[in-house]
Amino acid sequence: MTERLAYDANEVGLVLAVAAGSEDALGALYDRHAPGVHAIAYRMTGDRGIAEEVVQETFLALWNRAEAFDPSVASLGTWLRSIARNRSVDRLRAAGRRVQLVALPGGMGDDDPGMSAIDRLDPDLAVYGGARRDPDPVEAAEAGATRAAIADALASMPDEERTVILLAYQHELSQSEIAERLGWPLGTVKTRTRRALGRLRSMLETDGMRVELGLGGVDGAR
Amino acid sequence: MEHAEVLELIELAAVEQDGIERLAAGDTPEAAVVAGHLAGCEPCAAELARIARTSAVARDAIRELPDPALRARTLAFVREVGVDRSARAATDVAASLTAMPAVERAEPAAAVDVPQPAAAIAEHGVPVSASTAAPEAAIAPAVVIPLRARSRTPWWAAAGVAAVLVAGVAGFATGGALRPGGTGDEPAIAMAAAQTTMHIAEQPDAVHLALAPTGGDMAKGTVIYSPTTTELSMAVSGLAATPAGSEYACWVEQGGQRKRIGTLYVEGHNGTWAGIVEGLASLEPGSAFGVSLVAAGDSTGTPVLRGGG
């Protein structure tokens with residue numbers, strides 16, 4: 001709780017700095033919230049290109065409308081994710097794709113059943129009349145923790161290993177395709193892929209992540 | 001096929017899209033060998049299950065992570081099409097700070113708040129006149145060091161200089177770091193406040209307090225301070241618009257005396273203040289913090305937020 005207080009206070013300060021024109025503050029908030037914003041956009045659109053555009057537009061909205069942020073109504077993360085949802089819907093509609101709304105959470109303001117989640121975003125991007133938490137805060141927090149832990153693990157990897165694992169997971173390339181793209185011998189790609197996976201495993205299979213993985217302390221072959 | 005060979009094939013398959021499924025299907029000669037091995041090797045089968053779960057979690061999480069290069073592209077995008085806040089650009093401010101002597105920005109000691117008996121304030125909800133105030137409490141004089149000086153001067157060094165300047169002044173001097181008024185320093189001020197908050201939060205003795213509204217307002221806030229570093233930061237949201245000629249003043253109350261420590265920097269309904277406040281190291285139990293709406297340049301006003309105590 002006390003950490004939460006400090007975190008919120010810090011966020012308010014950073015938003016104020018953005019409102020005052022600090023790109024450093026915008027960068028700091030990007031570092032904190034871009035993974036969550038990108039995750040929402042990617043889940044909704046299933047398209048990395050669109051998700052990246054949504055991220056850019058979301059932080060543009062933060063820059064342009066920082067004064068509209070009201071932490072007494074919503075946390076900054078919730079506010080930004082709400083904007084990302086809205087932008088994702090816009091993109092999907094523009095592309096003629098079926099829009100599947102991702103429900104905003106219940107809470108104050110939910111007494112109006114005719115009001116969709118997106119409807120609760122006014123043209124100025126201020127969230128109104130709606131509660132500001134994800135449907136399952138615990139689940140959302142765990143997902144966020146996993147993303148953060150994996151991001152840390154990726155950041156600490158040697159560049160070669162990070163490259164192959166990103167090409168495999170993000171771009172869905174096979175080892176042969178990675179070898180061809182990078183001009184590396186296939187054996188080298190395989191070795192680096194296994195090392196990268198091993199680092200991710202050792203991080204993910206720590207005690208703190210066992211519950212999420214359903215590992216429960218089961219010993220494997222090794 | 002040996003266990004190690006099977007493990008290698010499992011790991012490589014796990015990283016590829018639908019690789020495990022193809023391996024388990026046994027529809028290639030190599031996959032058929034692996035499938036046969038797994039059918040008779042419980043440890044390897046268990047390892048396959050573990051790797052498959054781990055890889056699935058990693059795949060989902062990594063897919064959702066933004067490209068590292070997106071950060072620079074996003075900031076460039078904002079710079080190109082975002083609203084022009086260049087008049088307040090932090091770089092310009094930083095340049096201006098370099099030209100400003102650190103000690104110039106400490107406000108005159110005359111701005112010290114009027115002492116306020118805590119009991120009377122609690123009873124009436126508004127400040128009482130100076131004539132009814134309790135005698136000055138025996139707390140160490142506090143000095144607020146403008147955060148603008150922090151960019152180039154260690155806080156402890158600046159504190160020493162400022163302490164000399166206000167020596168002999170009882171109570172807390174008004175901070176000059178976080179002030180409204182469009183001086184052009186806003187980016188540096190707000191950023192410094194955020195950085196100070198982060199720095200305080202890292203201190204093992206950091207004290208956190210919530211500020212609650214004294215009336216029916218929607219305002220709320222937080223205070224974090226470190227007795228060791230004597231840094232203090234306040235962040236407030238839900239503030240009513242500042243009436244013309246007024247400002248929000250931050251204060252510390254100890255032993256029945258309320259001392260103004262600075263002026264909130266306000267944007268919209270949010271405000272922040274941070275600075276170095278001597279005397280924090282010796283704060284007594286029951287000390288309180290808060291924010292009051294005061295006439296600009298005045299030292300008394302109506303408390304809108306209060307915490308601790």
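Higher on the page you've got the structure.
Residues numbered from 1 in each chain as written. Chains lettered and ligands numbered in written order. Predicted model: local features only at pLDDT ≥ 70, side-chain atom pairs only at ≥ 80, totals over all residues.

Q: Go over the overall build of chain B, please, and point to the residues and values.
A: Summing up its helical and strand segments, chain B has nine helices and 10 strands in all. The buried share of chain B, taken over its 309 residues, is 47%. Put simply, of all contacts in chain B between residues at least 6 apart along the chain, 67% involve residues at least 24 apart. (Helix = DSSP H or I, 4+ residues; strand = E, 2+ residues; numbered from the N terminus. Buried ≥ 20, exposed ≤ 12 C-beta atoms within 10 Å, placed from the backbone. Contact = placed C-beta atoms within 7 Å.)

Q: Can you break down the packing of helix 3 (residues 48–64) of chain A against helix 4 (residues 76–94) of chain A residue by residue, with the values?
A: Residue and element names in this part refer to chain A. Where helix 3 meets helix 4, the axes come as close as 9 Å, and the angle between the chain directions of the two elements is 130°. By the angle class used here, helix 3 and helix 4 are oblique. Pair helix 3 / helix 4 crosses with right-handed handedness. Across the interface between the two elements, Ile50, Glu53, Val54, Glu57, Thr58, Ala61 and Leu62 of helix 3 pack against Leu80, Ile83, Ala84, Arg87, Ser88 and Arg91 of helix 4. Counted by class, the contact of helix 3 with helix 4 contains seven nonpolar, two polar and four charged residues. (Axes fitted to C-alpha atoms, helices over the stretch in contact; angles between N-to-C directions. Parallel < 35°, antiparallel > 145°, perpendicular 65-115°, else oblique. Left-handed = near helix turned anticlockwise from the far one by under 90°. Nonpolar A, V, L, I, M, F, W, Y, C, P; charged D, E, K, R; others polar.)

Q: Any chance you could break down the pairing of strand 8 (residues 270–277) of chain B for me, citing the residues and the numbers?
A: Residues and elements named next belong to chain B. By the criterion of burial, strand 8 is predominantly enclosed, with eight of the eight residues buried. Pairing analysis gives six bridges linking strand 4 (residues 231–237) to strand 8, with the strands arranged antiparallel. Residue pairing across strands places Met234 opposite Trp273, the latter belonging to strand 8. In this sheet, strand 8 lies alongside strand 7 (residues 265–267) in antiparallel orientation, the contact comprising three bridges. Looking at the pairing, Tyr265 lines up with Thr272 of strand 8. (Pairing = 2+ DSSP bridges.)

Q: Can you tell me about the environment of Gln56 of chain A, naming the residues and giving the values?
A: Summarising the element assignment, Gln56 of chain A is placed in helix 3. By the C-beta count within 10 Å, which is 21 here, Gln56 of chain A ends up buried. Once residues within four sequence positions are removed from consideration, Gln56 of chain A is found in contact with Arg73, Thr74 and Phe77 of chain B.

Geometry only, nothing functional implied.
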